[in-house]
Amino acid sequence: MINYEKILNPEQRQAATAGDGPLLVLAAAGTGKTHTLVYRVAHLLERGVPPEAILLLTFTNRAALEMLERARAVCGDQVGSVWSGTFHHVCNRFLRRYADRIGFRNDFIILDRDDARSLIDGCIKDLHIQSKDFPKKDVLASLFSNAASRGLGIGDVIDENLEALRVDVADIIRVGEAYVAKKAGLQAMDFDDLLTQGLRLITEHADICRSYQERFEHILVDEYQDTNGPQAKLVDLLAAQRRNVMAVGDDFQCIYSWRGADFRNIMEFPKRYPSCVIIKLERNYRSVPEILAVANACIAGNPDQFQKVLRATRPERAKPRVLRLRDGNEQADAVIRLIRRYRDDGYRFADMVVLYRAHFHSIELQVALGRAGIPCRITSGVGVFEQAHVKDVLAMLRVCTRPDDRLGFDRLLGMLRGVGIKTLDGWWAKLGERFDSADPAQRQALAALMRPSARGEWEPLDKLFGEYHDEGLAANGGELIERFFERFYKTYMARTYEFADRRAEDIRELEVQIMRAASVPAFLSEVALLTNVDHEYNRRNRGEEEDAVQLGTVHQAKGLEWPVVFVIWAAEGMFPSSRTLDEPSGDAEERRLFYVAVTRARDELVLAVPEIRRTRDGGMFFCKPSRFISELPRELVRESFGNRM
DNA sequence: GTTGGGAGAATTTTT
DNA sequence: TTCTCCCAAC
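Because the structure is predicted, anything quoted here is derived from the model rather than measured.

## As for the overall build of chain A
Each helix and strand in chain A was counted, giving 31 helices and 18 strands. Structurally, chain A occupies a C-alpha span of about 80 × 65 × 55 Å along its principal axes. When the 645 residues of chain A are sorted by exposure, 55% land in the buried category. Of the contacts made within chain A by residues no fewer than 6 positions apart, 77% connect residues no fewer than 24 positions apart. Approximately 27,700 Å² of chain A is accessible, and the part contributed by carbon and sulfur atoms is 49%. Treating the 91 positive side-chain charges of chain A as one cloud and the 95 negative ones as another, the clouds have centres 2 Å apart.

## A closer look at the environment of Gly 103
Positionally, Gly 103 belongs in the loop between helix H5 (87–98) and strand S4 (109–110). By relative accessible area, Gly 103 is classed as exposed at 60%. Put simply, Gly 103 and Gln 187 are 84 residues apart on the chain and 9.3 Å apart in space, counted from C-alpha to C-alpha.

## Remarks on the environment of Asn 146
Counting through the fold element by element, Asn 146 comes out in helix H7 (residues 137–149). It is 22 Å that separates the C-alpha atoms of Asn 146 and Leu 57, two residues lying 89 residues apart in sequence. Every residue in contact with Asn 146, bar those within four places of it in the chain, is listed here: Val 157 and Trp 258.

## Some thoughts on the environment of Leu 195
With respect to the secondary-structure elements, Leu 195 resides in helix H11 (residues 191–204). Spatially, the C-alpha atom of Leu 195 lies 8.8 Å from that of Ala 148, the residues being 47 residues apart in sequence. Beyond its immediate sequence surroundings of up to four residues, Leu 195 is in contact with Phe 87, His 88, Cys 91, Asn 228 and Gln 231.

## Notes on helix H26 (residues 520–527)
An α-helical turn contains 3.6 residues, so a residue and the one three or four places further along point in the same direction. Listed in full, the buried residues belonging to H26 are Val 520, Phe 523, Leu 524, Ser 525 and Val 527. Where H26 is buried, its residues contact H5, S4, helix H19 (388–401), helix H23 (452–470), helix H24 (477–496) and helix H25 (500–516). Backbone nitrogen of Ala 522 and a side-chain oxygen of the N-cap are separated by 3.2 Å at the start of H26; the cap is Ser 519.

## Examining the pattern of salt bridges
What the rule picks out here adds up to 54 salt bridges. Across the pair Glu 639 and Arg 324 runs a salt bridge, and its minimum N-O distance is 2.6 Å. With Glu 639 in strand S18 (residues 638–641) and Arg 324 in strand S11 (residues 321–327), this pair connects stretches of sequence that are 315 residues apart. With relative accessibility at 26%, the residue Glu 639 sits in the partly exposed group. Here Arg 324 falls in the partly exposed class, since its relative accessible area comes to 22%. Here the salt bridges do not stand alone but share partners, grouping Arg 105, Asp 107, Arg 398, Arg 402, Asp 404 and Asp 405 into one network.

## A short note on the packing of helix H16 (residues 289–299) against helix H30 (residues 586–598)
At their nearest, the axes of H16 and H30 sit 9 Å apart, and the two run at 175° to each other. In terms of orientation, H16 and H30 fall into the roughly antiparallel class. Residues Ile 291, Val 294, Ala 295, Cys 298 and Ile 299 of H16 lie in contact with H30, whose contacting residues are Arg 591, Arg 592, Phe 594, Tyr 595 and Val 598. Of the residues in the contact of H16 with H30, the class split is 8 nonpolar, no polar and 2 charged.

## Digging into a nonpolar patch on the surface
Taken together, the side chains of Phe 360, Ile 363 and Val 367 make up a nonpolar region of the molecular surface, amounting to roughly 260 Å² of accessible area. Along the polypeptide, Phe 360 turns up in the loop between strand S12 (352–356) and helix H18 (363–372).

## Describing the nonpolar core
One finds Met 396, Trp 458 and Tyr 489 to be the most contacted residues of the largest nonpolar core, which totals 48 residues. Looking at this core, the elements with two or more residues in it are H19, helix H20 (406–413), helix H21 (421–430), helix H22 (440–449), H23, H24, H25 and H26. Those residues in contact with Tyr 489 that lie beyond four places of it in its chain are His 389, Asp 392, Val 393, Met 415, Phe 484, Tyr 497 and Ile 507. Counting 44 residues, the second largest nonpolar core, distinct from the first, contains Ile 102, Phe 108, Tyr 224 and Ile 266.

## Examining the sheet that holds strand S3 (residues 83–86)
Spatially, S3-S2-S6-S7-S1-S8 is the arrangement adopted by the 6 strands of the open sheet, whose pairing is parallel. Two strands bound the open sheet, and with one partner strand each, they are S3 and strand S8 (277–281). Pairs of neighbouring strands in the sheet enclose a mean axial angle of 15°, with direction left out of account. As defined by bridge partners, strand S1 (residues 23–27) adjoins S8 across 5 bridges and the pair is classed as parallel. Each bridged residue has a counterpart across the sheet, and for Ala 27 the counterpart in S8 is Leu 281. Helix H3 (residues 33–46) contacts S1, strand S2 (54–58), strand S6 (218–221), strand S7 (245–249) and S8 of the sheet and is inclined by roughly 170° relative to S6. In the packing of H5 onto the sheet, the strands contacted are S2, S3 and S6, and the crossing angle to S3 comes to about 125°.

## A closer look at the side chain of Asp 226
Along the polypeptide, Asp 226 turns up in the loop between S6 and helix H13 (229–238). By relative accessible area, Asp 226 is classed as buried at 2%. Contact partners of Asp 226, with chain neighbours within four places excluded, come to Phe 59, Gln 231, Gln 253, Cys 254, Ile 255, Tyr 256, Ala 261 and Lys 558.

## A look at helix H6 (residues 113–126)
An ideal rise of 1.5 Å per residue puts 20 Å on 14 residues; H6 measures up with 20 Å between its terminal C-alpha atoms. Inspection of H6 places Asp 115, Ala 116, Arg 117, Leu 119, Ile 120, Gly 122, Cys 123 and Ile 124 among the buried residues, and these make up the whole buried set. Looking at the packing, one finds that the buried side of H6 touches S4, H7, helix H10 (169–186), H19 and H20. Of the residues flanking the start of H6, the one acting as N-cap is Asp 112, its side-chain oxygen 3.0 Å from the backbone nitrogen of Asp 114. After H6 finishes, the residue His 128 shows a positive phi value of roughly 55°.

Parameters and conventions
Residues numbered from 1 in each chain as written. Chains lettered and ligands numbered in written order. Predicted model: local features only at pLDDT ≥ 70, side-chain atom pairs only at ≥ 80, totals over all residues. Heavy atoms only, no water. Helix = DSSP H or I, 4+ residues; strand = E, 2+ residues; numbered from the N terminus. Buried < 20%, exposed > 50% of the residue type's maximum accessible area, 1.4 Å probe, protein only. Contact = heavy atoms within 4.5 Å. Areas by Shrake-Rupley, 256 points an atom, 1.4 Å probe, with all protein chains shown as cover. Lys, Arg positive; Asp, Glu negative; His and termini not counted. Charge placed at Lys NZ, Arg CZ, Asp CG, Glu CD. Polar contact = N/O pair within 3.5 Å; in protein donor to acceptor, adjacent residues only side chain to side chain. Salt bridge = Lys/Arg side-chain N within 4 Å of Asp/Glu carboxyl O. Axes fitted to C-alpha atoms, helices over the stretch in contact; angles between N-to-C directions. Parallel < 35°, antiparallel > 145°, perpendicular 65-115°, else oblique. Nonpolar A, V, L, I, M, F, W, Y, C, P; charged D, E, K, R; others polar. Patch = residues over 30% accessible without salt bridge, like charges linked within 9 Å, V, L, I, M, F, W, Y side chains within 5 Å. Core = buried A, V, L, I, M, F, W, Y, C linked by side-chain atoms within 4.5 Å. Pairing = 2+ DSSP bridges. Expected span 1.5 Å × (residues − 1).

The following block contains the structure:
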């Protein structure tokens, strides 16, 4: 029996041990939200709810893993059967089982952002749209995604910017339709499709819906404030019978509106579930009171929020610092000096993080850290599994397993010298619109189509495919990748990309990851959903973490904490970002983002405010200090200027 | 048809 | 200053 009284405070206990029925837990930052969820799971299991009847939806895979790890420590291996993961992950699981019911095959492929964009580009070309003003693929991709994640049509989300271009909206819609058709033809879904098709699956098929409704006795949703329309609908639908939903979130931390997150979902939860019990967690165990004072001050007065105040439990320490600096270089120097000072005080590099609004804000600092010899790890914008060289290897795996994977075919064979789109078109048609790598006759046929020079390069691949199917390498993807790398890819990579050794490391990482999956096909069905934050988490779990300062965006830092936090570029136009301020509730969202940044810190918080921004072409302009700094009551912080720290 | 060079534009956040 | 696109040479 778990002694909840000892482990949880009264509010946490109320949430963890509540009976059936809807539950809304408003958990402010650092108030033990994960802890509470872990013991909620433990309590349900203790009450006799079977683990496979619990659905735990989280915002990142990392959060799901962490929660299950901790729950496992409390209640043992049975937690392994709990359904958990991101909405995308869970929908993927539904669809892998039932996609045939909505006109897809169950082994559909998942398109990452890059794949989606190039397909859209293909659609524009197919439709012979040539106007110079026509929106580029990137713009269209985010437009389509925006529509999907808000559950709207494309026409509904065309904004003024696009209308100003005097582009025919009908053309954009035609591209959208062509994109849908193209995806269907390739048996492919993009990230948004996973959600919308997953939702469609249970909306249109009452039997499937009912079976999941019966299966999931309890649904727990973490970070509920960042759910979008389709996600909230999915939860409502799955919970429609039993109504055992526990939504945990913090409206102050809704930072994904641009991705369709609608914090009305959390605000209106009590309306949709009138009988729900509302519990507020406000006792903060993470940060020292001085940091909480800044957090409370910067978020106070944001409109339309559940009123919550962070209450400190830790003893007093020192006020957060505000550094007034001349420019990015001085900022980098100041940050480095403080990093060294904190290290002398006994912190490890790994206890420190530098957060910023956008990736490009970190460039000067990266260079300076390198010069200073301070180890750092950057959680970059491009996912580990989205990088070109990793996708090259994945293409090989896809050709191994999926005879009609045109995208994989194109990517893999396009690596041969002198082979481009037109050639590939021809080969694909002549092979009968499929290429079965298991079939020696087809491999022969393909080789026969090649020019002698390409055939020479193709040979090692041909051999590899034979080995894959004959030796049963499907269960040993690591070996498969290793052979591919040694016999073919190493050479290709060396002539194609710079920093080949760094890239080789990523491929080795891929080998490690694939060995954790049951088989090559199983790995492929999930890989697109892995993110670089998950990747960091895995590394740390394997004990591979070196002592290094972390760098990353505030978005990536969500749900994490560090003893020492630096927030750089706290200047108007940077943070808050000038782009966002044009949007209706841009200010409120940026403020929430700043709040998230501040509340990551346990002991020490440093806010850096440079005055001048230099552009690449040598120009410079002045920035005012961020409104989030200038609005702070002065007595809450320690200010220092430039070199006088 | 493919490749590589050169000119031009452009810098938010992510499953 | 880095990525992307277009055009000219192989």
